[in-house]
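Structural description and commentary
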Amino acid sequence: AMFQDLGNSPATMEAAKIADFCCCVPGHSLEIADAVQAYAQAEMKGTSTWVCLPPEYRPAWWAKTYPNMRRPVCRLNRALYGHPDAGTFWDHKCDEHLQKVGFKTLGDAWPSCYHHAKLNLLLVVYVDDFKLAGPSANLKKGWDLIRQGLSIEDPQAIDAKGATYLGCRQKRTSITLPSGRVAT
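One structure accompanies this document, and this report is about it. (Residues numbered from 1 in each chain as written. Predicted model: local features only at pLDDT ≥ 70, side-chain atom pairs only at ≥ 80, totals over all residues. Heavy atoms only, no water.)

Some thoughts on the pattern of salt bridges
Convention followed: Salt bridge, as applied in this entry: a Lys or Arg side-chain nitrogen positioned within 4 Å of an Asp or Glu carboxyl oxygen. Put simply, DSSP marks the helices as runs of H or I at least four residues long and the strands as runs of E at least two long, and each gets a number from the N terminus on. Type-normalised accessible area, obtained with a 1.4 Å probe on protein chains alone, sets the label of each residue: buried when under 20%, exposed when over 50%, and partly exposed for intermediate values.
With the rule as written, the count across this model stands at four salt bridges. Between Asp144 and Lys140 there is a salt bridge whose closest N-O contact spans 2.9 Å. Here Asp144 and its partner Lys140 are both found in helix α4 (residues 139–146), four residues apart, which amounts to about one turn of the helix. You can call Asp144 partly exposed: its relative accessible area is 37%. Several salt bridges converge on common partners, so that one network encompasses Lys17, Asp20 and Lys131.

Things to note about the sheet that holds strand β4 (residues 103–105)
Paired through their backbone hydrogen bonds, the strands of a sheet run either parallel or antiparallel. Put simply, the test is: Here a strand pair is declared whenever DSSP counts at least two bridges between the two strands. Throughout, a residue-residue contact means that at least one pair of heavy atoms, one from each residue, lies within 4.5 Å. Fitting a line to C-alpha atoms yields each axis, with helices limited to the stretch in contact; the angle taken between N-to-C directions then spans 0 to 180 degrees.
Pairing is antiparallel across the open sheet formed by six strands, whose spatial order is β4-β5-β6-β7-β1-β8. Looking at the sheet topology across the chains shown, the edges are occupied by β4 and β8 (156–157). Sheet topology note: the strand β1 (residues 28–34)/β8 ladder contains two bridges and is antiparallel. Each residue of the ladder has a partner; that of Ile32, found in β8, is Gln156. Against the sheet, helix α1 (residues 13–22) makes contact with β1, β5 (113–116), β6 (121–126) and β7 (129–135), and its axis sits at roughly 145° relative to β6, the strand it touches most.

Describing the pairing of β5
Within a regular strand, the side chains alternate between the two sheet faces. Note: β4 against β5, three bridges, orientation antiparallel. Counterpart to Lys104 in the pairing with β5 is His115. Of the pairings in the sheet, the one linking β5 to β6 comprises four bridges and is antiparallel in character. Within β6, the position partnered with His116 by the bridge is Leu121. Taken together, β5 and the strand that follows it, β6, pair antiparallel across an intervening segment of four residues, in which Asn120 is found at a positive phi of about 55°.

Just geometry here; none of it tells us what the structure is for.
The following block contains the structure:
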């Protein structure tokens, strides 16, 4: 099969570092969360894709109803990992939902980065990894908006045990500078 590569644009490492910086501002925090089976949340679009189901995934009634069927196929309705455009379909679904709930893109130079003006939140999305930074009191409101249309795991503070973003653990610490001021 040949597929048209629509492409998607994950956020950059620089964007993730800007979010890290935002959580160092007094009264601000950063939380991370993963989308649950992200690609499968998105509907397939464009040219129909048909897949042959392995025998162990075929409903039992198929064999009884269609005893001579050798390689049954089904239309793929959800984007699955491995499909060349699955990431693009997920990216479009995610972007559409985030903008619908008030997150606005930061522009072409900052792909998959969003700002919510009312809540003053910065959101960085790298495929299925979400990093949300801003005033601590607004993070829950931001996650609630995101979760209205996307299935997202419970967010975790970066300091939480087991919390990772792109496979990396982060830790926020404070130090006292020679001047006596505390820096995060």
